[in-house]
Amino acid sequence: CAPTGMAAVGLGPHGQTIHTLAGVKVPFRASDYQTMFSRGNLQKWQTIQCLIMDEVGMLSADFLDWLDVHVRQIRRRLLDPFGGIQLIFVGDFAQLGPVPGNLSMQASSNRRRSGGAAAVATTGPPYPPEHPGADCLLNIQEMTAFAFQTALWREANFCHVHLT
C-alpha cells in the first residue's frame, strides 16, 4: 500500500492506498477509525501477516499512531507494534513529507468547545524570520510530524537498510 493513489498505482494491480486498506477514508476525528471494526475489515486485519508500505515519508505521525492503536485492538495484541504484523516501510524522508495543515489529527485533537464554537489551540504565532531559532520553531498548524516520530516507530525497532 501507499499513502496516495498515485503511489499505490505504481505498486501494481493489487496496490492500494493505506486508507483503503485500513477501511477508513481520510480521518479527521478519532471516531472515524471505527469503520475499521466492520466485519470485512476485522477479518482482513486479522489475516494480514506482512504489510509493505511505500512512500512512508508521506504518512503523518498522527495517522500512523492512530492506525497502530486500532490494529492492535483488532488483533487483540496490544503489546505488539501493529498487532504483530511484520512491517516493511519503504520511503525517503528527504522527499515529500506529510501534508501540513489544520485538519491533521494533531490540530483537531486540540479543539475545545467554548460558547458553541470550536477553537484550535496553537503554540502561538510563528516567530518572525529574524528571531533566533525561527527556522526551528513553527506554529502547530504549519507542522505535521513524520512517521519516524511516532510511538510505533520507537516500539517497532526497525532494521534500517539504506539502498543505493
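Look a little higher up for the structure.
Presented here is an overview of the structure given in this document. Just so we're clear, the structure is a prediction, and the values are computed from it rather than from any experiment. (Residues numbered from 1 in each chain as written. Predicted model: local features only at pLDDT ≥ 70, side-chain atom pairs only at ≥ 80, totals over all residues. Heavy atoms only, no water.)

1. Some thoughts on the overall build of the chain
To be explicit about the condition: Helix numbering and strand numbering both begin at the N terminus, where a helix is a DSSP run of H or I of at least 4 residues and a strand a DSSP run of E of at least 2. Note on contacts: a residue pair qualifies if any of its non-hydrogen atoms lie within 4.5 Å across the two residues. The protein chains shown are the only cover counted for residues, whose accessible areas, like all others here, come from Shrake-Rupley with a 1.4 Å probe.
The secondary structure content of the chain amounts to six helices and four strands. When its helices and strands are written in sequence order, the chain yields α-α-α-β-α-β-α-β-β-α. Summarising the internal contacts of the chain: among those between residues at least 6 apart in sequence, 62% fall at separations of at least 24. Accessible surface for the chain amounts to roughly 10,200 Å². Of this, 57% is attributable to carbon and sulfur atoms.

2. Observations regarding the pattern of salt bridges
Let me state the cut-off plainly: Only one rule defines a salt bridge in this text: a Lys or Arg side-chain nitrogen within 4 Å of an Asp or Glu carboxyl oxygen. Only protein chains enter the calculation, and the probe is 1.4 Å; a residue is then buried if its accessible area is under 20% of its type maximum, exposed if over 50%, and partly exposed in between.
If you walk through the whole model with that rule in mind, you get three salt bridges. Between Asp68 and Arg72 there is a salt bridge, and its shortest N-O distance comes to 2.9 Å. You can see Asp68 and its partner Arg72 sitting in helix H4 (residues 61-75), four residues apart, about one turn around the helix. A single burial state applies to Asp68 and to Arg72, both of which are buried. Where Asp80 meets Arg77, a salt bridge forms, and the shortest distance between an N and an O atom there is 2.7 Å.

3. Focus: the pairing of strand E1 (residues 50-53)
Defined as follows: Strand pairing requires that DSSP identify at least two bridges connecting the strands. Place the viewer so that the strands point away; then a crossover is right-handed whenever the path from the first strand over the helix to the second strand goes clockwise.
By the alternation rule, side chains of E1 split into Leu51 and Met53, which are all buried, and Cys50 and Ile52, of which none is buried. Pairing of E1 with strand E2 (residues 86-89) involves four bridges; the strand directions are parallel. When the sheet's bridge partners are listed, Cys50 is paired in E2 with Gln86. Crossover E1 to E2 through H4 is right-handed.

4. Remarks on the side chain of Thr150
Stated precisely, the cut-off is as follows: Polar contact is defined as a pair of N or O atoms within 3.5 Å, subject to the rule that within protein one atom must be able to donate a hydrogen and the other to accept it, and that residues adjacent in sequence are counted only when both atoms are side-chain atoms.
Along the chain, Thr150 falls in the loop between strand E4 (117-120) and helix H6 (151-156). Using a relative accessible area of 1% as the deciding quantity, one classes Thr150 as buried. For Thr150, the side chain forms a polar contact with the main-chain oxygen of Ala147, separated by 2.8 Å. Engagement of the side chain of Thr150 in a polar contact is seen with the backbone nitrogen of Trp153, the distance being 3.0 Å.

5. With respect to unusual backbone geometry
One non-glycine residue with positive phi stands out, namely Glu55, at about 55°. For Glu55, the position within the fold is in the loop between E1 and H4. What makes Glu55 partly exposed here is its relative accessible area of 25%. In this structure, Phe82 is a non-glycine residue whose phi angle is positive, near 55°. Mapped onto the elements of the fold, Phe82 is located in the loop between H4 and E2. For Phe82, a relative accessible area of 0% corresponds to the buried category.

6. What about the packing of helix H3 (residues 39-47) against H4?
Which entries qualify depends on this criterion: Axis definition: a line fit to C-alpha positions, over the contact stretch in the case of helices; interaxial angles, taken between N-to-C directions, run 0 to 180 degrees. The cut-offs work like this: below 35 degrees is roughly parallel, past 145 is roughly antiparallel, 65 to 115 is roughly perpendicular, and the gaps in between are oblique. Residues are grouped as follows: Ala, Val, Leu, Ile, Met, Phe, Trp, Tyr, Cys and Pro are nonpolar; Asp, Glu, Lys and Arg are charged; every other residue, Gly included, is polar.
In the contact formed by H3 and H4, the axes pass within 9 Å of each other and the chain directions differ by 90°. The angle between H3 and H4 falls in the class roughly perpendicular. Each of Leu42, Trp45, Gln46 and Thr47 in H3 lies in contact with H4, whose residues at this interface are Leu67, Val71, Ile74 and Arg75. In terms of residue class, the contact of H3 with H4 is built from five nonpolar, two polar and one charged.

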